[in-house]
Amino acid sequence: MTDILSKEKRSWNMSLIKGKDTKPEIILRSMLHRSGFRFRLHDKKLPGKPDIVLPRYNTVIFINGCFWHRHENCKYAYTPKSRQDFWNKKFQATLLRDTKKEKQLKDAGWNVVTIWECEIKKQPDNVLDELTDKLIN
């Protein structure tokens, strides 16, 4: 009985939320690779450890979850009803961190592209087309 409860408790533990190799990330990586793009993953030498690094195009890509990174006007970017002060502080810290790492990357000469989780879920082909246009042009 305690094993069942401990498994339930672990399923709600925020530390179990994936930071890399998420489903949207894997989908985009697969599409990029099939389109002939070669890239590195989670380069620890770069600020924020971008999800995808395309050195040939001097571009880094962040694939952001709508909930955690507060995608504006997205239904997935809701605020939980309980402990709103806690959540608002957490979201604010995430947004500040995102802004800081983007500035550091741009100052270092990188092009920064942010792709949202919901965009990949809804229209992955459109995401790939827009990304390809940005990279090639």
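All chains use their own residue numbering, which begins from 1 and follows the written sequence. Thresholds applied to this predicted model are a pLDDT of at least 70 for local features of residues and 80 or more for the giving and counting of side-chain atom pairs; totals over whole chains, interfaces and linings are not thresholded and use all residues. Calculated side-chain values reflect all of the structure's heavy atoms, with hydrogen atoms and water omitted.

Q: What is the right way to look at the overall build of the protein chain in this model?
A: Helix numbers and strand numbers start at the N terminus; a helix is a DSSP run of H or I with at least 4 residues, a strand a run of E with at least 2. Across its full length, the protein chain holds six helices and four strands. When the helices and strands of the protein chain are read in sequence order from the N terminus, they spell out α-α-β-β-β-α-α-β-α-α. Under the scheme applied here, a residue whose accessible area is under 20% of the maximum for its type counts as buried, over 50% as exposed, and between as partly exposed, the area being computed with a 1.4 Å probe on protein chains only. Evaluated residue by residue, the protein chain yields a buried proportion of 35% over its 137 residues. It only takes one pair of heavy atoms within 4.5 Å for two residues to be counted as in contact. Within the protein chain, contacts between residues at least 6 apart in sequence are counted, and of these 52% link residues at least 24 apart.

Q: Would you mind showing me how to read the environment of K134 here?
A: Secondary-structure assignment places K134 in helix α6 (residues 124-136). Overall, the relative accessible area of 56% leaves K134 in the exposed class. When the C-alpha positions of K134 and T59 are compared, they lie 9.6 Å apart, and in sequence the two are 75 residues distant.

Q: Explanation requested: the pattern of salt bridges in the structure shown.
A: Oppositely charged side chains can pair when the atoms bearing their charge come close. Between Lys or Arg on one side and Asp or Glu on the other, a salt bridge is scored when a side-chain nitrogen of the former is within 4 Å of a carboxyl oxygen of the latter. Per the counting criterion, the structure on display carries seven salt bridges. Of the charged contacts, one joins R29 and D21 as a salt bridge, the two residues approaching to 2.8 Å between their closest N and O atoms. The partly exposed category is assigned to D21, whose relative accessible area is 29%. We note a salt bridge from D43 to R40, for which the minimum N-O separation is 2.7 Å. Take R40: its relative accessible area is 39%, and that puts it in the partly exposed class. Through salt bridges with shared partners, a single ionic network connects D21, E25 and R29.

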